[in-house]
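Coordinate analysis (summary)
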Amino acid sequence: MSAFLAVENLSHSYGKLEVLAQMNLQIEAGEFVVVRGASGSGKSTLLSILGCMLRPSAGMVQLKGVDPFSLSASERAQLRAQDVGFVFQTMHLLPFLNVLQNACLPIRADPQTAKAMLSELGLTDRLDHKPAQLSVGERQRVALARALLPQPKLLLADEPTGNLDDVNSGRVIDGLIQFQQMGGTVILATHSPPSALSRLQATQQLSL
Ligand SMILES: Nc1ncnc2c1ncn2[C@@H]1O[C@H](COP(=O)(O)OP(=O)(O)OP(=O)(O)O)[C@@H](O)[C@H]1O
Ligand SMILES: [Mg+2]
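Analysis parameters
Residues numbered from 1 in each chain as written. Chains lettered and ligands numbered in written order. Predicted model: local features only at pLDDT ≥ 70, side-chain atom pairs only at ≥ 80, totals over all residues. Heavy atoms only, no water. Core = buried A, V, L, I, M, F, W, Y, C linked by side-chain atoms within 4.5 Å. Buried < 20%, exposed > 50% of the residue type's maximum accessible area, 1.4 Å probe, protein only. Helix = DSSP H or I, 4+ residues; strand = E, 2+ residues; numbered from the N terminus. Contact = heavy atoms within 4.5 Å. Phe/Tyr/Trp six-rings, centres within 6.5 Å; stacked < 30°, edge-to-face > 60°. Near = heavy atom within 4 Å. Polar contact = N/O pair within 3.5 Å; in protein donor to acceptor, adjacent residues only side chain to side chain. Areas by Shrake-Rupley, 256 points an atom, 1.4 Å probe, with all protein chains shown as cover. Nonpolar A, V, L, I, M, F, W, Y, C, P; charged D, E, K, R; others polar.

**Comments concerning the nonpolar core**
Ranked by size, the top nonpolar core spans 35 residues in total, and within it Leu118, Leu144, Leu155, Leu176, Leu188 and Leu200 carry the most contacts. If you list the elements that add at least two residues to this core, you get strand S3 (32-36), helix H3 (99-104), helix H4 (111-120), helix H5 (136-148), strand S6 (154-158), helix H6 (166-181) and strand S7 (185-189). At 6 residues, the largest contribution of residues to this core is made by H5. Contact partners of Leu155, with chain neighbours within four places excluded, come to Gly85, Phe86, Val87, Leu144, Ala147, Leu148, Leu176, Phe179, Thr185, Val186 and Ile187. Residues Leu5, Leu46, Leu47 and Val84 belong to the second largest nonpolar core, which totals 27 residues.

See below:
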């Protein structure tokens, strides 16, 4: 397999509950993949596996030719830190850090770069706020900035526009498109209707 990201006969179960069964996927660098499916269909599970965070029950994952689950935990963490950005559905911002500090967290990013990205995402006036002082949609945009600042090769975005109005949803989508245009690979899990994502040129659509 020579794809940027490949999955072979991937299955995942939580105890007796089978969530993913015998999936096969080939994703080339620079693709924009949209994953759809009803609530509970396994989108977050798939993204967690592709992000090297959850070991699948069966099957193989290869990121740049390497099976992350054959590596030691620390090697896998290093691979993830180098190559993978993740916007979690539940965001995971640190409550005691403000917006700018949260965004800079993974790489101690240059604050000017971080401020520029936060401003593109409409957060200029919120840099000093703690997560508890933000709306859910604002938190989601901080999470996106935090994922993009380390310049990962692969961005996994789990419902990043779920709590956003059209304007802010557009900002997030623009951020994803821009990341792809700079050569990044995006995998987006979403419930949004295709019309809301019309500006996206998805290279693959996956239905779970
Ligand atoms: N840690 C876990 N232990 C047991 N069952 C789990 C666990 N995580 C998820 N599940 C179950 O696996 C199924 C798939 O969950 P997952 O979070 O992947 O769905 P999803 O497609 O992301 O849903 P949503 O659109 O609501 O975010 C669900 O039925 C869920 O209840
Ligand atoms: Mg989910």
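**What about the packing of aromatic side chains?**
Evaluation of the coordinates by the stated rule reveals 1 aromatic pair. Residues Phe86 and Phe88 carry aromatic rings whose centres are separated by 4.4 Å and whose planes lie at 15° to one another, so their mutual orientation is stacked. Residue classification places Phe86 among the buried residues on the basis of a relative accessible area of 11%.

**Quick look at the site of ligand 1**
Around ligand 1, the surrounding shell holds 13 residues, and the nearest of these are Ser39, Gly40, Lys43, Ser44 and Thr45. At 3.3 Å from an oxygen atom of ligand 1 is found a main-chain nitrogen or oxygen belonging to Ser41. In the complex, the protein chains occlude 60% of the 640 Å² of accessible area that ligand 1 would expose alone. Looking at the shell around ligand 1, the elements that each hand over two or more residues are strand S2 (17-27) and helix H1 (43-50). For the shell around ligand 1, the element with the most residues is H1, which contributes 3 residues. Here the residues of the shell around ligand 1 are counted per class, giving 4 nonpolar, 8 polar and 1 charged.

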